[in-house]
Amino acid sequence: MYQQIVILTGAGISAESGINTFRDQDGLWEEHKIEDVATPEGYARNPVMVEAFYNARIAQLHDGKVTPNKGHHALVKLEQEFNGELLIVTQNIDDLHERAGSRRLLHMHGELFKSRCPQSQQTFMLQDTFGPEHTCTCCIPAQRLRPHVVWFGEIPIGLDRIQDALDSCDLFIAIGTSGTVYPAAGFVDTANYHGAQTIEVNLAEADRHSKFQYHVQGKASQRLPDLVNHILQGRKVSDLSCAVTDNLIGKGDI
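What this report covers is the structure whose coordinates are included nearby. Everything numeric in this text was worked out from a predicted model, so none of it was measured. (Residues numbered from 1 in each chain as written. Predicted model: local features only at pLDDT ≥ 70, side-chain atom pairs only at ≥ 80, totals over all residues. Heavy atoms only, no water.)

What about the overall build of the protein?
Within the protein one finds 9 helices and 13 strands. Its C-alpha atoms give the protein a radius of gyration of 19 Å, within 12% of the compact-globule value 18 Å for 254 residues. Based on the C-alpha atoms only, the size of the protein along its principal axes is roughly 60 × 35 × 35 Å. By the burial criterion, 48% of the 254 residues in the protein qualify as buried. Taking the contacts inside the protein whose residues are at least 6 apart along the sequence as the reference set, 62% of them involve residues at least 24 apart. Roughly 12500 Å² of accessible area belongs to the protein as shown, and the carbon and sulfur atoms make up 49% of that amount. Of note, the protein has its 22 positive side-chain charges centred 3 Å away from the centre of its 32 negative side-chain charges. (Helix = DSSP H or I, 4+ residues; strand = E, 2+ residues; numbered from the N terminus. Rg over C-alpha atoms; globule rule 2.2 N^0.38 Å. Buried < 20%, exposed > 50% of the residue type's maximum accessible area, 1.4 Å probe, protein only. Contact = heavy atoms within 4.5 Å. Areas by Shrake-Rupley, 256 points an atom, 1.4 Å probe, with all protein chains shown as cover. Lys, Arg positive; Asp, Glu negative; His and termini not counted. Charge placed at Lys NZ, Arg CZ, Asp CG, Glu CD.)

Some words on the packing of aromatic side chains
By the definition in use, this model includes 4 aromatic pairs. A ring pair is formed by Y54 and W151, whose centres lie 6.4 Å apart and whose planes are at 40°; its orientation type is tilted. Within this pair, whereas Y54 is found in helix α4 (residues 47-62), its partner W151 is found in the loop between β8 (146-149) and α7 (159-168), the two being separated by 97 residues in sequence. The two residues Y54 and W151 agree in class, both being buried. (Phe/Tyr/Trp six-rings, centres within 6.5 Å; stacked < 30°, edge-to-face > 60°.)

Thoughts on α7
Within α7 the residues assigned to the buried category are I162, A165 and L166. Seen from one end, α7 has its buried residues packed into an arc of 100°, which puts them on one side. Facing away from the buried surface of α7 by more than 90 degrees, the exposed residues are D160 and D164. Residues of α7 that are buried in the fold lie against β1 (4-9), β4 (85-90), β5 (105-107), β9 (171-175) and α8 (187-193). (Arc of directions from axis to C-beta.)

Here's the deal with helix α9 (residues 220-232)
With 13 residues, α9 extends 17 Å from end C-alpha to end C-alpha; this agrees with the ideal 18 Å at 1.5 Å per step. Among all positions of α9, only A220, S221, R223, L224, L227, V228, H230 and I231 are buried. Where the residues of α9 are buried, they touch β1, α1 (11-15), α5 (70-81), β9, β10 (197-202) and β11 (214-217). Immediately downstream of α9, the backbone of G234 shows phi near 80°, a positive value. (Expected span 1.5 Å × (residues − 1).)

Notes on the pattern of salt bridges
Per the stated rule, a full pass over the model turns up 6 salt bridges. The salt bridge involving D36 is made with R45; its shortest N-O contact spans 3.1 Å. For R45, a relative accessible area of 55% puts it in the exposed group. Between E154 and R146 there is a salt bridge whose closest N-O contact spans 2.8 Å. (Salt bridge = Lys/Arg side-chain N within 4 Å of Asp/Glu carboxyl O.)

A look at the sheet that holds β8
As summarised here, the arrangement of the 3 strands in space is β7-β6-β8, forming an open sheet in which the pairing is antiparallel. This sheet does not close on itself; its edge strands, each paired only once, are β7 (123-125) and β8. Between one strand and the next, the sheet's axes are offset by a mean angle of 55°, whatever the strand orientation. Pairing geometry for strand β6 (residues 110-116) and β7, over 3 bridges, is antiparallel. Among the inter-strand pairings, R116 is bridged to a residue of β7, identified as T123. Contacts from α4 reach β6 and β8, with the element oriented near 125° to β6. (Pairing = 2+ DSSP bridges. Axes fitted to C-alpha atoms, helices over the stretch in contact; angles between N-to-C directions.)

What to know about the packing of α5 against α9
Where α5 meets α9, the closest approach of the two axes is 7 Å, and the angle between their N-to-C directions is 15°. Here α9 runs roughly parallel to α5, going by the angle between their axes. Both α5 and α9 take part in a crossing whose hand is left-handed. Within the contact between the two elements, α5 uses K70, G71, A74, L75, K77, L78 and E81 and α9 uses A220, S221, L224, P225, V228, N229, I231 and L232. Residue composition of the contact of α5 with α9, grouped by class: 9 nonpolar, 3 polar and 3 charged. (Parallel < 35°, antiparallel > 145°, perpendicular 65-115°, else oblique. Left-handed = near helix turned anticlockwise from the far one by under 90°. Nonpolar A, V, L, I, M, F, W, Y, C, P; charged D, E, K, R; others polar.)

Observations regarding the state of the cysteines
By the definition in use, this model includes 0 disulfides. C117 carries a free sulfur, and the closest cysteine sulfur to it, the one in C139, is 3.6 Å from it. Residue class for C117 comes out buried when judged on its relative accessible area of 0%. (Disulfide = S-S within 2.5 Å.)

Next comes the structure, spelled out in C-alpha cells:
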C-alpha cells in the first residue's frame, strides 16, 4: 500500500467544470495575448486591463454555474480516507478543490481570490474585485494590490515543499495537465528518480515518449473515482487489471 502520494492537477480538471483552459492553439487566452494578461510587464503597461481580465474570472466562479466535478470530489475522498501522506499540487488558480473539500492543497500558480502587495509581498483575501481602491494595509503609502497569480517569468509558489514531497513519495499522479511547462513538467522526472510509480490521467492518448509509467485516458470526472477506489483498497497502480503495453495503461483500461 502507498505511504505518500503527490497529485498534480492542471487545467483539464477545471475545464470539466466549465472553466476555459489557459490558452487555445493560437496562443490566445479568451482573445487576449498571454503577454498582456499573464506577465508582470503586461500588468505594468495596463493594470486596468489585467484587473478586468481577472475580475471576469472571478465573476465566472461566482455565477453559480461553475461547481466542482466528480474528479474534485474523488480527490477529497482520497484525502479523507487515505492513511498516508498526501499533497495535492494544483496549477489552477480557481477554488474548486477547496469548494469540494480539499485541504491538503498547494496552489503553485497562486489563487484567484487572493491579492498581493507588490512591495511587501503580503497576501490578502480578496473581498470584492480588483481596482485602484483595492490597496494594502501593510505599507505607507498604501500600495495597489495585484492579483496573487504567478505570471510568466515569476517563480511558482511552494517549490521547496513540492520538491520534498516528490523526493519521498511512492506514487505521483498528474491529472489534466499537458506536462510541457516547467517546473511542473519535471515533477515526473523527480518522482521516477526516487522510485515512485507515476501515472497520468488525461484526455489525450498516451504519448509513447511520455516519462510516465502508466497512462489513463479519459475525463478526470470519469476516471478518478475508480482510480481512487483502487488505491484505497490498498492496491498498486501496477496491479490494475488491464492490458499493459510499453509500460502504459491503454485507453479504457480502468
